[in-house]
Structures are given as C-alpha cells and as structure tokens.
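The primary structure of each chain is shown beneath.
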Amino acid sequence: MEDLNWVYTENVKDHFMNPRNVLEDLESYDYDGFGKTGNVKCGDEMIFVIKVDSEKQIITDCKWKPYGCASAIATTSKLSEMVTGMPLKEAYRISPRDIVDELGGLPDNKIHCSVIEDKAL
C-alpha cells in the first residue's frame, strides 16, 4: 500500500498515550494566566493555564485540558513541556512549526491540529 503519510512518530504516540501536565481540576489550580482556543473545523479545543514567577518572568508550571484528537493532545502535551521553565518572552515566540519539529513531525493532514496550542498559550 502506498505511504499516505498517516504514520505518527513514536514521540507523538507517547505524548498522546501519556500526556504530560494535564489539568485535573481548574477550580483548584492557582494559575496566573489562562487561555482557551479551538478549531471549529475539527472540534479540537484547549484550555491552557500557567503559573509565572512574576519577578523573573518565567513560566514555572503549565497545565492544560484536552479536547481533541491524538495530534492535538500530543502537540499540547509537548508544548506544556517546552514552556515550563521558559521566560515568557521566549514562550510567546513558539510557533506551531517549533512544536511539530520537537515531536518529529505530524502527518500532513494533521498539521492543522498543531496551530491552536500556541494561541491558547
């Protein structure tokens, strides 16, 4: 069968099956920043919350609530790891391409799933 570029990398599979930094309870999480965004075309939606060291302007913790497909969950999980410990200004510059590259790629038909996480952040 012809390769249809639907194969996920092991890194994507790992982040989907074992997502990092998932927000369990928004009401009990003391956050400094809150973001929510989604993609109406596919139904993906993300809530993203961060804690910030206001003196150093560094993200000290990052949690998220997933509503989406494997690609959306994996990219958000990866982004949550990437930004923890990162200065706010640097985190602001992360692009969807940066996230996809960190995961080792996504199938072409799933790239749209990586463009909502940075908006929520």
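Report follows, based on the coordinates. (Residues numbered from 1 in each chain as written. Predicted model: local features only at pLDDT ≥ 70, side-chain atom pairs only at ≥ 80, totals over all residues. Heavy atoms only, no water.)

## Observations concerning the pattern of salt bridges
Then, number 1: Summed over the entire model, instances satisfying the criterion amount to 5 salt bridges.
Then, number 2: With its nearest N and O atoms 2.6 Å apart, the salt bridge here joins Arg20 to Asp14.
Then, number 3: Given a relative accessible area of 22%, Arg20 falls into the partly exposed group.
Then, number 4: In this structure, Arg20 engages Glu81 in a salt bridge whose closest nitrogen and oxygen atoms are separated by 3.3 Å. One end of the pair, Arg20, is in the loop between helix H1 (10-17) and strand S1 (33-39); the other, Glu81, is in helix H2 (residues 70-83), and 61 residues separate them in sequence.
Then, number 5: Overlapping salt bridges bring together Asp14, Arg20, Lys78 and Glu81 as one network. (Salt bridge = Lys/Arg side-chain N within 4 Å of Asp/Glu carboxyl O. Buried < 20%, exposed > 50% of the residue type's maximum accessible area, 1.4 Å probe, protein only. Helix = DSSP H or I, 4+ residues; strand = E, 2+ residues; numbered from the N terminus.)

## Re H2
Then, number 1: The terminal C-alpha atoms of H2 lie 20 Å apart, and with 14 residues this matches the ideal 20 Å at 1.5 Å per residue to within 8%.
Then, number 2: Counting buried positions along H2 yields 13 of 14 residues, so the element is predominantly enclosed.
Then, number 3: Directly after H2, the chain includes Gly85, whose backbone phi takes a positive value near 90°. (Expected span 1.5 Å × (residues − 1).)

## A short note on the packing of aromatic side chains
Given two aromatic rings, one states the distance between the centres and the angle between the planes to describe the pair.
Then, number 1: According to the stated counting rule, one finds 1 aromatic pair in the structure shown.
Then, number 2: An angle of 35° between the planes, with centres 5.8 Å apart, marks the rings of Tyr31 and Phe34 as tilted.
Then, number 3: According to the relative accessible area criterion, Phe34 is partly exposed, its value standing at 44%.
Then, number 4: One residue, Lys51, lies across the ring of Tyr29, its end atom 4.8 Å from the ring centre. (Phe/Tyr/Trp six-rings, centres within 6.5 Å; stacked < 30°, edge-to-face > 60°. Lys NZ or Arg CZ within 6 Å of the ring centre and 35° of its normal.)

## Structural notes on the pairing of strand S2 (residues 44-53)
Then, number 1: Of all 10 residues that make up S2, 7 are buried, and the element is covered over most of its length.
Then, number 2: Inspection of the sheet shows S2 paired to strand S3 (residues 58-67) by 9 bridges, in the antiparallel sense. What sits directly across from Asp53, in S3, is Ile58.
Then, number 3: Hairpin geometry of S2 and S3 is characterised by an intervening segment of 4 residues between the two adjacent antiparallel strands and by a positive phi of about 60° at Gln57. (Pairing = 2+ DSSP bridges.)

## Quick word on the packing of H2 against helix H4 (residues 96-103)
Then, number 1: Running from N to C, H2 and H4 cross one another at 95°; their axes reach a closest spacing of 9 Å. By the angle between their directions, the pair H2 and H4 is classed as roughly perpendicular. Between H2 and H4, the contacting residues are Ala74, Thr75, Lys78, Leu79 and Met82 on the first element and Asp98, Ile99, Glu102 and Leu103 on the second.
Then, number 2: Of the residues contributing to the contact of H2 with H4, the split by class is 5 nonpolar, 1 polar and 3 charged. (Axes fitted to C-alpha atoms, helices over the stretch in contact; angles between N-to-C directions. Parallel < 35°, antiparallel > 145°, perpendicular 65-115°, else oblique. Contact = heavy atoms within 4.5 Å. Nonpolar A, V, L, I, M, F, W, Y, C, P; charged D, E, K, R; others polar.)

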